[in-house]
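Survey of secondary and tertiary structure
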Amino acid sequence: MKLRPSRERGRGRHGWLDSHHTFSFAGYYDPAHMGFRALRVINDDRVVGGAGFPPHGHRDMEIVSYVVEGALEHEDSQGNGSVIRPGDVQRMSAGRGIRHSEYNHSPTAAVRFLQIWIEPRERGLVPGYEQQHVGDARKGRLALIASPEGGEDGDGAVRIHQDTRIYASLLSAGESVEHRLAPDRHAWLQVVRGELTLSDATGGNLELREGD
């Protein structure tokens, strides 16, 4: 197990946006942290009320948005539009090219969300969009929120074009979950809020806090 401490992440502060970058992104470059296998970006974004990202383009990336607090408004060049709230997960396949905007839906309250980028298994896909509500399925267990099979796996997961699975969990004090990795599989754990102990099969333990 290898720890990536929260305090070592990159950070971009732009007045309306406070963003922590787990991997190299925009003005933050660290050749030792360019991603983790197919996982390219985890941005922990906080946007003040009434502000957001104006229309901009993406291509050849699976972009998963996971709202922690507040509400995020999404519109894209495919005609999709929605508001994402805590318990929702959204997937946008940029494919051969798409433009979208993301704004804080509230004029006053901040929104906090994780933006997760995963490299697709092939380039030039048809752009796509999907949103699901996970909600209480995360309480006390690992709920699947994104996978190659999507909703066929249960839990209302969105479908991503990569051999990758994303789980989310909400644990109360004293609760625990276990995930067994299949041979030749790898895992990244991101602590969104609170503190926890991560243990592996060899007896190793890591104490993790928000952002680790």
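Anything mentioned here points back to the structure above.
Here we summarise the structure given alongside this text. (Residues numbered from 1 in each chain as written. Predicted model: local features only at pLDDT ≥ 70, side-chain atom pairs only at ≥ 80, totals over all residues. Heavy atoms only, no water.)

**Description of the overall build of the protein chain**
Here is the rule: Numbering of helices and strands starts at the N terminus; helices are DSSP runs of H or I of at least 4 residues and strands are runs of E of at least 2. Atoms counted for the radius of gyration: C-alpha only. Globule rule: 2.2 Å times the number of residues to the power 0.38. A simple rule labels every residue: compare its accessible area, found with a 1.4 Å probe on the protein chains alone, to the largest value its type can have, and call it buried under 20%, exposed over 50%, or partly exposed in between. Residue contacts follow a heavy-atom distance rule, with two residues in contact if any of their heavy atoms lie within 4.5 Å. Working definition of accessibility: Shrake-Rupley area with a 1.4 Å probe, residue cover restricted to the visible protein chains.
Of the regular secondary structure elements, the protein chain holds zero helices and 16 strands. Taking 212 residues into account, the globule formula puts the C-alpha radius of gyration at 17 Å, and the protein chain, at 17 Å, falls close to it. Projecting the C-alpha coordinates of the protein chain onto the three principal axes gives extents of approximately 50 × 40 × 35 Å. Put simply, the protein chain has 212 residues, and 45% of those count as buried. In the protein chain, the share of contacts with a sequence separation of at least 24, taken over all contacts with a separation of at least 6, comes to 63%. Accessible surface computed for the protein chain: about 11,300 Å², of which carbon and sulfur atoms make up 48%.

**What to know about the pattern of salt bridges**
Our working definition: In what follows, salt bridge is the name for a side-chain nitrogen of Lys or Arg lying within 4 Å of a carboxyl oxygen of Asp or Glu.
Throughout the structure, instances matching the rule amount to 16 salt bridges. For the salt bridge of arginine 46 with glutamate 210, the shortest nitrogen-to-oxygen distance reads 3.4 Å. Of this pair, arginine 46 sits in strand E3 (residues 39-47) while glutamate 210 sits in the segment after strand E16 (205-209), placing them 164 residues apart in sequence. What emerges from the salt-bridge pattern is a single network uniting Asp44, Arg46, Arg112 and Glu210.

**Comments concerning the environment of alanine 38**
On the secondary structure map, alanine 38 appears in the loop between strand E2 (17-21) and E3. We classify alanine 38 as buried; its relative accessible area is 17%. In this structure the C-alpha to C-alpha distance between alanine 38 and glutamate 119, which are 81 residues apart in sequence, comes to 5.2 Å. Leaving out residues up to four positions away in the same chain, alanine 38 has contacts with Trp117, Ile118, Glu119, Gln162 and Thr164.

**Focus on the sheet that holds strand E7 (residues 81-84)**
Two orientations exist for strands paired in a sheet by backbone hydrogen bonds: parallel and antiparallel. We count it as follows: A strand pair is defined by DSSP finding two or more bridges across the two strands. Throughout, an axis means a line fitted to C-alpha atoms (over the contacting stretch in the case of helices), and angles, computed between N-to-C directions, take values from 0 to 180 degrees.
Judged by pairing direction, the sheet is antiparallel, and its four strands sit side by side in the order E4-E9-E6-E7 without closing on themselves. Every other strand in the sheet has two partners, leaving strand E4 (52-58) and E7 as the edge strands with one partner each. If you compare each strand with its neighbour and ignore which way they point, the axes differ by 20° on average. Here five bridges tie E4 to strand E9 (residues 98-104), and the two strands are oriented antiparallel to one another. For histidine 58, the partnering residue across the bridge sits in E9 and is isoleucine 98.

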